[in-house]
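Each chain, written out:
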Amino acid sequence: MNNTTTIPSGKEIQRKWYLLDAAGKTLARLSTQAASILAGKNNVLSRPYIDMGDHVIVVNCEKIVLNRAEGGQDAVSPLHGFPGGLREESL
């Protein structure tokens, strides 16, 4: 039984292109799916210290569904922890 760990080199990494359709999907689920693909979590040979992320294209962004928490707000206001760091961005 061979118990060696395979570490891929730069030549062995083959990046794929993924097309995500945003029509009818919620913003949070689509963003976590895209982030997982970009981080390379869907790759079998994934290593945290090697960039193995793939490419993502999102289409039909105007048809995305906002859930009650996201759609009920007119503006998102993330607090950055600094004085005067409160800023609002519209969805």
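Attention in this report is confined to the structure presented alongside it. (Residues numbered from 1 in each chain as written. Predicted model: local features only at pLDDT ≥ 70, side-chain atom pairs only at ≥ 80, totals over all residues. Heavy atoms only, no water.)

Right, let's talk about the side chain of Asp 54 for a bit. Checked against the element boundaries, Asp 54 lands in the loop between α1 (27-39) and β2 (55-59). The side chain of Asp 54 is buried and forms no salt bridge, while Arg 15, the nearest opposite charge, is found at 5.6 Å. With residues up to four places along the chain from it excluded, the contact list for Asp 54 reads Gln 14, Arg 15, Lys 16, Tyr 18, Ile 37, Leu 38 and Asn 42. (Helix = DSSP H or I, 4+ residues; strand = E, 2+ residues; numbered from the N terminus. Buried < 20%, exposed > 50% of the residue type's maximum accessible area, 1.4 Å probe, protein only. Lys, Arg positive; Asp, Glu negative; His and termini not counted. Salt bridge = Lys/Arg side-chain N within 4 Å of Asp/Glu carboxyl O. Contact = heavy atoms within 4.5 Å.)

Here we take up the layout of surface pockets. With a probe scaled to a water molecule rolled over the atoms, the places where space remains empty come into view. In this structure, the largest pocket occupies an estimated 160 Å³ of space. Around the largest pocket sit Glu 12, Ile 13, Gln 14, Lys 16, Tyr 18, Asn 42, Asn 43, Leu 45, Met 52 and Asp 54, which together line it. Looking at the lining of the largest pocket residue by residue, the class counts come to four nonpolar, three polar and three charged. (1 Å grid on protein atoms, 1.4 Å probe; cavity = no way out; pocket = protein on both sides within 12 Å on 5 of 7 lines; lining within 4 Å. Points joined across faces, edges and corners; volume = space filled by probe spheres on them. Nonpolar A, V, L, I, M, F, W, Y, C, P; charged D, E, K, R; others polar.)

On to the environment of Thr 32. Here Thr 32 is to be found in helix α1. By relative accessible area, Thr 32 is classed as exposed at 52%. A distance of 2.9 Å separates a polar side-chain atom of Thr 32 from the backbone oxygen of Arg 29. (Polar contact = N/O pair within 3.5 Å; in protein donor to acceptor, adjacent residues only side chain to side chain.)

What follows is about the pattern of salt bridges. Evaluated as defined, the whole model comprises one salt bridge. The salt bridge involving Asp 51 is made with Arg 15; its shortest N-O contact spans 3.3 Å. With a gap of 36 residues between them, Asp 51 in the loop between α1 and β2 and Arg 15 in the segment before β1 (17-21) connect regions that are remote in the sequence.

Here the focus is the nonpolar core. Residues Leu 20, Ala 22, Leu 30, Ala 34 and Ile 37 constitute the largest nonpolar core, which totals five residues. Sort the elements by how many residues they give to this core and α1 lands first, with three residues. The contacts of Ile 37, once residues within four sequence positions are left out, are Tyr 18, Leu 20, Asn 42, Gly 53, Asp 54 and Val 56. (Core = buried A, V, L, I, M, F, W, Y, C linked by side-chain atoms within 4.5 Å.)

A few words now on the pairing of β1. Inspection of the sheet shows β1 paired to β2 by five bridges, in the parallel sense. Its bridge partner lying in β2, Leu 19 is registered against Ile 57. Handedness of the crossover is the feature at issue here: the chain leaves β1, passes through α1, returns alongside β2, and the resulting connection is right-handed. (Pairing = 2+ DSSP bridges. Right-handed = clockwise from strand over helix to strand, strands pointing away.)

Taken together, Trp 17, Leu 19, Ile 57 and Val 59 make up a surface patch of nonpolar side chains, about 420 Å² in accessible area. Elements with a contribution of two residues or more to the nonpolar patch: β1 and β2. (Patch = residues over 30% accessible without salt bridge, like charges linked within 9 Å, V, L, I, M, F, W, Y side chains within 5 Å. Areas by Shrake-Rupley, 256 points an atom, 1.4 Å probe, with all protein chains shown as cover.)

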